[in-house]
Amino acid sequence: MRAVDFVVGVLWLIICQTAANFRTNMTTDMLAPQANRNVSLSDWEQRWHGNKISFHQPEVHRLLKANIDKVIDGRTSIRFFFPLCGKAVDMKWLADMGHSVVGVEISELAIRQFFEESNLTYSEEPVPAIPGAMVYKNLEKNISIYQCDLFSFSSSIDGQFQGIWDRGSLVAINPKDREKYAALMTSLMAQDCRYLLWTVFYNAELYAGPPFSVPHEQVQSLYGTSCDLELLFSEEGLKHKYQGWGLDSVTENLHLIALKSIEN
């Protein structure tokens, strides 16, 4: 029986490894058409100056509204991080609820438009730890937005966070930078952080992006080692806003990510 059990165990390991390799190869194939796409920081700034910002939503995102209780989790006055925040109205919505908000955005224009369109006064000052960076602040609502390269930001600049809302950041960064991005996000998470991540998945051969296609399998690969993931929402379809991309289908996914518990 021992020999039989050993053989069965070996076969099971082979099957598991084969399945894992298949999933890895499948994910690699799905990502290949966009793997070398590169959108520079100046490209994003030009989009803002040219008002080519179809990614901006004038209303609070419906999935944030629908799932905010899962992120807040009964807490009050928590710190939220918004990577590549643009002028998202979601920031003021959370600040109006009594939470503090820290964003990072490369476009000075986007930051100034956020405060002006929100009817908020703001101060601005340099960030000594990041050469050339500025931080814009409204103390009344406790909103701070750093104008800098996201990868120049770290927890040493403004601490860790209890909430992260990633509505269009992972899908906007260059695909080759995703592992570096995931490492940065997890480093910014306090132990009780709840990270809401929105992604889109589509046939990357049909559209160059951004937003770039991010399959569910890659989200698992990027965050699964250090975090627990829950798929809160997944919907396939072709909404009006995607029809101009030449796609036949788009899947929107929403993940809730939390650091794994530290075992004593």
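Presented here is a report on the structure given in the accompanying data block. (Residues numbered from 1 in each chain as written. Predicted model: local features only at pLDDT ≥ 70, side-chain atom pairs only at ≥ 80, totals over all residues. Heavy atoms only, no water.)

### Section: the packing of helix α7 (residues 178-187) against helix α8 (residues 216-223)
With their axes 9 Å apart at the nearest point, α7 and α8 run at an angle of 55 degrees to one another. Considered as vectors, α7 and α8 are oriented oblique to each other. For the crossing formed where α7 meets α8, the hand is right-handed. In this structure, α7 contributes Arg178, Glu179, Tyr181, Ala182, Met185 and Thr186 to the contact, and α8 contributes Gln218, Leu222 and Tyr223. Grouping the constituent residues of the contact of α7 with α8 by class yields five nonpolar, two polar and two charged. (Axes fitted to C-alpha atoms, helices over the stretch in contact; angles between N-to-C directions. Helix = DSSP H or I, 4+ residues; strand = E, 2+ residues; numbered from the N terminus. Parallel < 35°, antiparallel > 145°, perpendicular 65-115°, else oblique. Left-handed = near helix turned anticlockwise from the far one by under 90°. Contact = heavy atoms within 4.5 Å. Nonpolar A, V, L, I, M, F, W, Y, C, P; charged D, E, K, R; others polar.)

### Concerning the packing of aromatic side chains
Within this structure, the stated rule accounts for 13 aromatic pairs. Ring geometry for Phe115 and Tyr122: centres 5.0 Å apart, planes at 25 degrees, overall stacked. With a centroid separation of 5.5 Å and 85 degrees between ring planes, the pair formed by Tyr195 and Tyr223 is classed as edge-to-face. Of this pair, Tyr195 sits in strand β7 (residues 189-201) while Tyr223 sits in helix α8; the two residues are 28 residues apart in sequence, bridging distant segments of the chain. On the accessibility criterion, Tyr195 (0% relative accessible area) is buried. Under the relative-accessibility criterion, Tyr223 is labelled buried at 0%. (Phe/Tyr/Trp six-rings, centres within 6.5 Å; stacked < 30°, edge-to-face > 60°. Buried < 20%, exposed > 50% of the residue type's maximum accessible area, 1.4 Å probe, protein only.)

### Points about the pairing of β7
For strand β6 (residues 161-166) and β7, the ladder comprises five bridges, and the chain directions are parallel. Counted as the bridge partner of Gly163 is Arg194 from β7. Read as a crossover between parallel neighbours, the route from β6 over α7 to β7 is right-handed. (Pairing = 2+ DSSP bridges. Right-handed = clockwise from strand over helix to strand, strands pointing away.)

### As for the layout of surface pockets
A water-sized probe rolled over the atoms picks out the places where empty space is left. Of the volumes computed, that of the largest pocket is approximately 1100 Å³. Lining the largest pocket are 44 residues, with Trp44, Phe55, Gly168, Ser169 and Ala172 sitting closest to its centre. Elements supplying a minimum of two residues to the lining of the largest pocket: α2 (41-49) and β1 (79-83). When residues in the lining of the largest pocket are grouped by element, the largest group, four residues, is from α2. (1 Å grid on protein atoms, 1.4 Å probe; cavity = no way out; pocket = protein on both sides within 12 Å on 5 of 7 lines; lining within 4 Å. Points joined across faces, edges and corners; volume = space filled by probe spheres on them.)

### Focus on the pairing of strand β4 (residues 134-138)
Pairing geometry for strand β3 (residues 123-126) and β4, over four bridges, is antiparallel. The residue bridging Ser123 from the neighbouring strand is Lys137, located in β4. The pairing of β4 with strand β5 (residues 143-147) spans five bridges and is antiparallel. Bridging from a neighbouring strand, Tyr136 pairs with Ile145 of β5. Between β4 and β5, which pair antiparallel in sequence order, lie four residues; one of them, Asn142, sits at a positive phi of approximately 60 degrees.

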